[in-house]
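Given next are the chains, with one letter for each unit.
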Amino acid sequence: MNPHDFVFQISSLRTLGDVSNNMMIGILVDSLGIVRQIVPDALYTDSDHMVFVGGELRGFTPDTLAFIVPDTEQINEGEPLSQTPVILEALKHATKVRIAQSRWQAETGGCTLQGMVIHTDRESQAMLTGAALKSMQDPSYTCAWKTDDGFIELSAQEILGIADVVRQHVQGCFDKERSLNITIAAATTIEELRTITW
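The rules behind these values
- Residues numbered from 1 in each chain as written.
- Predicted model: local features only at pLDDT ≥ 70, side-chain atom pairs only at ≥ 80, totals over all residues.
- Heavy atoms only, no water.
- Helix = DSSP H or I, 4+ residues; strand = E, 2+ residues; numbered from the N terminus.
- Buried < 20%, exposed > 50% of the residue type's maximum accessible area, 1.4 Å probe, protein only.
- Contact = heavy atoms within 4.5 Å.
- Areas by Shrake-Rupley, 256 points an atom, 1.4 Å probe, with all protein chains shown as cover.
- Core = buried A, V, L, I, M, F, W, Y, C linked by side-chain atoms within 4.5 Å.
- Expected span 1.5 Å × (residues − 1).
- Pairing = 2+ DSSP bridges.
- Arc of directions from axis to C-beta.
- Polar contact = N/O pair within 3.5 Å; in protein donor to acceptor, adjacent residues only side chain to side chain.
- Phe/Tyr/Trp six-rings, centres within 6.5 Å; stacked < 30°, edge-to-face > 60°.
- Lys NZ or Arg CZ within 6 Å of the ring centre and 35° of its normal.
- Salt bridge = Lys/Arg side-chain N within 4 Å of Asp/Glu carboxyl O.

(A) Inspection of the overall build of the protein at higher detail. Per the secondary structure count, the protein includes four helices and 11 strands. Looking at the protein residue by residue over its 198 residues, the buried ones come to 36%. A separation of at least 24 residues holds for 68% of the contacts in the protein among residues at least 6 apart in sequence. Of the roughly 11400 Å² of accessible surface on the protein, a fraction of 53% belongs to carbon and sulfur atoms.

Shown next, in the form of structure tokens:
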């Protein structure tokens, strides 16, 4: 396999129509159901993978879907796929991936408390959790906390207050993702899925 071959796990691969007796093509579809790339006569499968051989993979993101379709299908790049149960379920999965990416960005993008920017990336969350635990063990604990503007002295009570704000921010992001996932699961059309945004 050369560096220009692109491998998809078979779990992300769906077939549309009867491909048992047809020449096949591969298509890449975004989470909105729009065909982003057609790869004619350029794939093979084994029990574990689908491989697009050669060419250039355009616009691939984690929510990109891969389909195998008969080459008799009328499919054009830049146009939406027609809705079928297989496509709808695949796009629901891709929409959940897209929403999870947005949740991650919101979760780790920081929050503010009284004008102070608080970093909420996973490393910062872990450091704050450690400081909060120490503050619970020792109410007289203080520490020099580094901010974008330099170091500030924080008391145990202030650390616990910041930890509460960060916890509310993080949980709020996951609560929103859960609510959107419920909306995604209830969707009955591709058009409904396209309206679901962060």
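From this point, the discussion proceeds with the structure in view.
(B) Representation of the nonpolar core within the structure. Membership of the largest hydrophobic core comes to 19 residues, with the highest contact counts inside it found for Val29, Leu65, Phe67, Leu81, Leu91 and Leu193. Of all the secondary structure elements, the ones that give two or more residues to this core are strand S3 (24–29), strand S7 (65–70), helix H1 (85–108), helix H3 (156–186) and helix H4 (190–194). Counting residues per element, this core draws most heavily on H1, which supplies six residues. Counting 12 residues, the second-largest nonpolar core is a separate cluster that includes Cys111, Ile159, Ala163 and Val170.

(C) Fine view of H3. The end-to-end C-alpha distance of H3, which contains 31 residues, comes to 45 Å, matching closely the 45 Å that a straight helix rising 1.5 Å per residue would cover. Turning to H3, its buried residues number three or more, namely Ala156, Ile159, Ile162, Ala163, Val166, His169, Val170, Cys173, Glu177, Leu180 and Ile184.

(D) Layout of the pairing of strand S10 (residues 142–147). Bridging between S10 and strand S11 (residues 150–155) involves six bridges; their strand directions are antiparallel. Within the sheet, the bridge partner assigned to Lys146 lies in S11 and is Phe151.

(E) Looking closely at helix H2 (residues 122–137). Between its first and last C-alpha atoms H2 spans 23 Å; for 16 residues at 1.5 Å apiece the expected length is 22 Å, and the two agree. Looking at H2, one finds that the buried residues are Ser124, Gln125, Leu128, Ala131, Ala132 and Ser135. With its buried residues spanning 130° around the axis, H2 presents them on a single face. Facing away from the buried side of H2 by more than 90 degrees, the exposed set consists of Glu123, Ala126, Thr129 and Gln137. Summarising the contacts, the buried residues of H2 are in contact with H1, S10 and H3. At the N-terminal boundary of H2, the capping side chain belongs to Asp121, with an oxygen 3.2 Å from the backbone nitrogen of Glu123.

(F) Quick look at the packing of aromatic side chains. Within the structure shown, the criterion is met by zero aromatic pairs. Positioned above the aromatic ring of Trp198 is the side chain of Lys176, whose terminal nitrogen or guanidinium carbon lies 4.5 Å from the ring centre.

(G) Layout of the pattern of salt bridges. If you walk through the whole model with that rule in mind, you get five salt bridges. Where Arg122 meets Glu107, a salt bridge forms, and the shortest distance between an N and an O atom there is 2.7 Å. Taken together, the residues Arg122 in helix H2 and Glu107 in helix H1 connect sequence positions 15 residues apart. For Arg122, a relative accessible area of 41% puts it in the partly exposed group. Among the salt bridges present, the one from Arg194 reaches Glu191, with a minimum N-O distance of 3.8 Å.

(H) Main features of the side chain of Thr147. Within the secondary structure layout, Thr147 lies in strand S10. On the basis of relative accessibility, which here comes to 16%, the residue Thr147 falls in the buried class. A distance of 3.1 Å separates the side chain of Thr147 from the backbone nitrogen of Asp149, its partner in a polar contact. At 2.7 Å, the side chain of Thr147 and the backbone oxygen of Gly150 are in polar contact. Residues in contact with Thr147, not counting those within four places in the same chain, are Met116 and Ile152.

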